[in-house]
Amino acid sequence: MTNKQTLVELNHISVTAGSHLIVDNVSLKIKEKSVTSLVGPSGAGKSTLLRVINRLTDREDGLRVEGQACYREKCIYTCCQVEDLRQYVGMVFQKPCVFPGSIERNLLFGVRHHKKMNASEIPFFLEKILKQVHLWTEVKDRLKKSASILSMGQKQRLCFARVLAVNPEVMLLDEPTASLDPHSTHEIESLIHELKQEKAIVLVTHDLVQVRRVSDELIFLSAVNGTGRVVESGTPERIFNRPEQEETRHYLSRHRIEEVKL
Ligand SMILES: Nc1ncnc2c1ncn2[C@@H]1O[C@H](COP(=O)(O)OP(=O)(O)OP(=O)(O)O)[C@@H](O)[C@H]1O
Ligand SMILES: [Mg+2]
């Protein structure tokens, strides 16, 4: 882990909405070719931190972000346009969010901003991306059909494909399996495992068994009086077996810790 390069670094990030301090003084590093999980109670600011990293917070009136957020040592907020950032940092949400229109249109949605492609290249491109998310055989005969007819698990793989089509280096996954059945969850976890061979993945999940299955690094956040803070970080193995902080111990004791101990 130590010799891997840091792609994203948050330094002393605080986010406030009016008088509500949502996250306080959070510093963390996201390394290449690894899965970093953000874990903690509801309201700890996990999703907010993901939104800081890809600047979705820009769109939210009344949110103030202080501190420094860097991608490859450049400030995310001052050194690039949001559209450029989207090329490097992609996001998948809890609920598969497909756009109206065909499967093909969904896949090409972000690509037009970032890639120049001839019409003749498109079929090969679509096949490559859909194979990457193991969706090709299921949809190859209906690329022009509406994406809304897909199952929940297929929709979520389409969302991964839409992000992968832009080939970002960092993928932010906000509870990507929360609305999926166990089989689709397994497929997404396998995909995460494959993707981390070349990408940095930040995973928010409440599923500690999933954390154990897929993560290299775990960052545990608390939510005290509505404010999220980093409590401790380390390998899942270390945190599940030898948590250093009382808040972590307490959180783990409320989950079935025996299932997650390694
Ligand atoms: N734009 C906003 N304006 C005001 N409050 C906000 C805004 N975005 C988030 N919050 C508040 O910040 C807190 C943290 O929200 P966030 O969604 O980041 O938590 P979370 O850790 O992802 O929780 P969960 O596990 O339930 O998804 C919540 O109290 C939420 O209501
Ligand atoms: Mg959340």
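Presented here is a report on the structure given in the accompanying data block. (Residues numbered from 1 in each chain as written. Chains lettered and ligands numbered in written order. Predicted model: local features only at pLDDT ≥ 70, side-chain atom pairs only at ≥ 80, totals over all residues. Heavy atoms only, no water.)

Some words on the nonpolar core
If you look at the biggest cluster of nonpolar residues, it comprises 34 residues, and the most contacted ones within it are I103, L107, F160, M171, L173 and I192. For this core, the secondary structure elements donating two or more residues are α3 (103-108), α5 (122-132), α6 (136-139), α7 (152-164), β7 (170-174), α8 (182-195) and β8 (200-204). Counting residues per element, this core draws most heavily on α7, at six residues. Beyond its immediate chain neighbours, meaning those up to four positions away, L107 contacts L126, I129, L130, L158, A161, R162 and A165. The next biggest cluster of nonpolar side chains, apart from the first, holds 31 residues, and it includes I13, A69, L85 and V170. (Core = buried A, V, L, I, M, F, W, Y, C linked by side-chain atoms within 4.5 Å. Buried < 20%, exposed > 50% of the residue type's maximum accessible area, 1.4 Å probe, protein only. Helix = DSSP H or I, 4+ residues; strand = E, 2+ residues; numbered from the N terminus. Contact = heavy atoms within 4.5 Å.)

Quick word on the environment of G67
Within the secondary structure, G67 sits in strand β4 (residues 63-71). Between the C-alpha atom of G67 and that of H12, which follows or precedes it by 55 residues, the distance is 5.0 Å. With residues up to four places along the chain from it excluded, the contact list for G67 reads N11, H12 and I13.

Section: the layout of surface pockets
By volume, the largest pocket is sized at about 690 Å³. Around the largest pocket sit 25 residues that line it, and R59, R86, M91, F99 and F109 are the ones nearest its centre. Those elements that place two or more of their residues in the lining of the largest pocket are α2 (82-88), β6 (89-92), α4 (111-114) and α7. Among the residues forming the lining of the largest pocket, the class breakdown is 13 nonpolar, five polar and seven charged. (1 Å grid on protein atoms, 1.4 Å probe; cavity = no way out; pocket = protein on both sides within 12 Å on 5 of 7 lines; lining within 4 Å. Points joined across faces, edges and corners; volume = space filled by probe spheres on them. Nonpolar A, V, L, I, M, F, W, Y, C, P; charged D, E, K, R; others polar.)

Side note on the pattern of salt bridges
A complete count under the given rule lists 14 salt bridges for this structure. A salt bridge links R51 to E60; the nearest nitrogen and oxygen atoms lie 2.6 Å apart. A residue is classified by how much of its surface remains accessible, and R51, at 22% relative accessible area, is partly exposed. Residue classification places E60 among the partly exposed residues on the basis of a relative accessible area of 27%. A single network of salt bridges, built from pairs that share partners, joins E138, R157 and E187. (Salt bridge = Lys/Arg side-chain N within 4 Å of Asp/Glu carboxyl O.)

A closer look at the packing of aromatic side chains
Within the structure shown, the criterion is met by three aromatic pairs. Considering the side-chain rings of Y71 and Y88, the 5.1 Å spacing of their centres and the 15° angle between planes classify their relative orientation as stacked. One end of the pair, Y71, is in strand β4; the other, Y88, is in helix α2, and 17 residues separate them in sequence. For Y88, a relative accessible area of 33% puts it in the partly exposed group. Seen from their ring centres, F220 and Y251 are 5.0 Å apart, and the 55° between their planes marks the pair as tilted. Taken together, the residues span a long stretch of sequence, with F220 in strand β9 (residues 217-224) and Y251 in helix α11 (residues 246-254) at a distance of 31 residues. Of the two residues, F220 and Y251, both sit in the buried class. The ring of F99 has R162 lying over it, and the distance from NZ or CZ to the ring centre is 3.9 Å. (Phe/Tyr/Trp six-rings, centres within 6.5 Å; stacked < 30°, edge-to-face > 60°. Lys NZ or Arg CZ within 6 Å of the ring centre and 35° of its normal.)

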